[in-house]
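# Structural overview for review
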Amino acid sequence: MNKNIKIALFTDCFYPGNGGTENVIKTLVPLFKNLDDEVRIYAPNYHIKRVNQNIDGFDVFRVPSLRLTDNDNIAFVSLVKKKLENDLVNFSPDIIYFLTAGPMAKWAVKFAKKLNLPLVATLHTKFKLAWYNSTKSHLITNFMLGNLKKFFNETTLASTLSQDAKNTLKSYGYNFDPIIIKNGISKSDTALTPFEINYTKNRFNFLFCGRLEKIKNIQFTLKALYKLKNDYNFVNFNFLIAGSGAYEKTLKRLVKKYNLTDNVVFLGFIRDKAKLNYVYSISELILFPSIFEMDSLVPLEASSFSLPVLALNGYACGERIEDNVTGFLSDYNLDAFTKRIYEIVTNPSLYEKVRSQTHNLKANTWEEIAKEYHFFFLNAIQKHNEDKQ
């Protein structure tokens, strides 16, 4: 691949977290190693005194962290600044890469400047939504967005996951033109482990899979299902929710409020991949009206099971989908989304046609994505060297 690269990867999100950014890191780092690149991860310890330094072969430097909000990813690194700097110098990276915009990104920027190293970043998250959801403060959110703007404008090059993400980064004040490197698709692993699920048989099975947070817009789906029952008199369905999170209690209250207790099944977080595959296999349509995701992995995983997705037109999750061909799209309003659900469940020929083509969702393999990042890093190193001259 022309040149082996030593990458210092700074992130506020890593094991034992289970979000999208964590999963991308866990997927890409071994593939970088397959390209003979060397990666050292700099991540918080999440207040765990004896958190493992090396997880499944990952080379990790843990930074003490301090819990300040409901978000665990708040690193407090000033007490170990010198130790962190010494470790970086000993590692001697060719490039510093950050994937989040919290305290670890701040230190990535600081050390890249001090050590005169190229700095790159990927925007994985709609931080404005995430930070406001966490802090409920416009003042704090705007302050943090100001920091994000500074961080990204210090980079040699930046990337995003989708056109929606690119527009978002520009709206935050990034002054340049980021490239788009989308998430990849894993080689099909369809091993199933059936397990007992307390749901009503012979119903149409809708599915949501992911963290249970307000910004995931699951409450919008519940409102649509309420309208589906009451305005369209379609009652013969289950809505399976696979995931956990702080918003679960609120969702359960909404289920009662909308009289959906007989329809909604909370499955909790399913760590076992084969069990999650089983949930995909018994589901028939993923309801995914997210305006938060940059490039969700869920539609790609679902495509292995010929499981179509209903997403929103004009947002990142809908960018891969060709409406009525490889999935379904809806405008972002409650009436349109409800009507679209009804059209899908009452038109078997359209549904089966789309289901048979979900495997055609546009996606490169993770191995191909790792090569794209490798050349992204090489280009940044070259640009940094040219700028120094």
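Summary of the structure given here. (Residues numbered from 1 in each chain as written. Predicted model: local features only at pLDDT ≥ 70, side-chain atom pairs only at ≥ 80, totals over all residues. Heavy atoms only, no water.)

## Digging into the environment of Leu307
Of note, Leu307 is situated in the loop between helix 10 (298-303) and strand 12 (309-312). Residues Leu307 and Ser356, 49 residues apart in the sequence, show an inter-C-alpha distance of 8.9 Å. (Helix = DSSP H or I, 4+ residues; strand = E, 2+ residues; numbered from the N terminus.)

## Some points on the nonpolar core
In this structure, Phe10, Ile41, Ile96, Phe98, Tyr373 and Phe377 are the most contacted members of the largest nonpolar core, which totals 68 residues. A per-element tally of this core places helix 13 (residues 366-388) first, with 9 residues. Ignoring sequence-local partners within four residues, the contact set of Phe10 consists of Tyr42, Leu88, Ile96, Tyr97, Phe98, Leu99, Thr100, Met104, Trp107, Ala108 and Phe111. Counting 60 residues, the second-largest nonpolar core is a separate cluster that includes Ile197, Phe220, Phe328 and Leu329. (Core = buried A, V, L, I, M, F, W, Y, C linked by side-chain atoms within 4.5 Å. Buried < 20%, exposed > 50% of the residue type's maximum accessible area, 1.4 Å probe, protein only. Contact = heavy atoms within 4.5 Å.)

## Overview of helix 6 (residues 163-171)
Of all the positions in helix 6, only Asp164, Ala165, Lys166, Thr168 and Leu169 are classed as buried. Turning to helix 6, the residues buried within the fold contact strand 5 (119-123), helix 5 (138-153), strand 6 (157-160) and strand 7 (179-180). In the stretch just after helix 6, Gly173 is the one whose phi turns positive, near 110°.

## A word on the packing of helix 1 (residues 20-34) against helix 13
Interaxial distance between helix 1 and helix 13 falls to 9 Å at its minimum, and their mutual angle equals 75°. With respect to their mutual orientation, helix 1 and helix 13 come out roughly perpendicular. Mapping the contact onto sequence places Val24, Thr27, Leu28, Leu31 and Phe32 in helix 1 and Trp366, Glu367, Ile369, Ala370, Tyr373 and Phe377 in helix 13. When grouped by side-chain class, the residues that make up the contact of helix 1 with helix 13 number 9 nonpolar, 1 polar and 1 charged. (Axes fitted to C-alpha atoms, helices over the stretch in contact; angles between N-to-C directions. Parallel < 35°, antiparallel > 145°, perpendicular 65-115°, else oblique. Nonpolar A, V, L, I, M, F, W, Y, C, P; charged D, E, K, R; others polar.)

## Description of the side chain of Glu85
Tracing the sequence through the fold places Glu85 in helix 2 (residues 81-91). Look past the residues within four positions of Glu85 in its chain and what remains in contact with it is Phe111 and Lys114.

## Describing unusual backbone geometry
Here Tyr15 and Pro16 are connected by a cis peptide whose omega angle stands at 15°. Considering the arrangement of structural elements, one finds Pro16 in the loop between strand 1 (6-10) and helix 1. Even without glycine at this site, Asn202 takes up a positive phi of about 60°. Of note, Asn202 is situated in the loop between strand 7 and strand 8 (204-209). When its relative accessible area of 74% is taken as the criterion, Asn202 is described as exposed.

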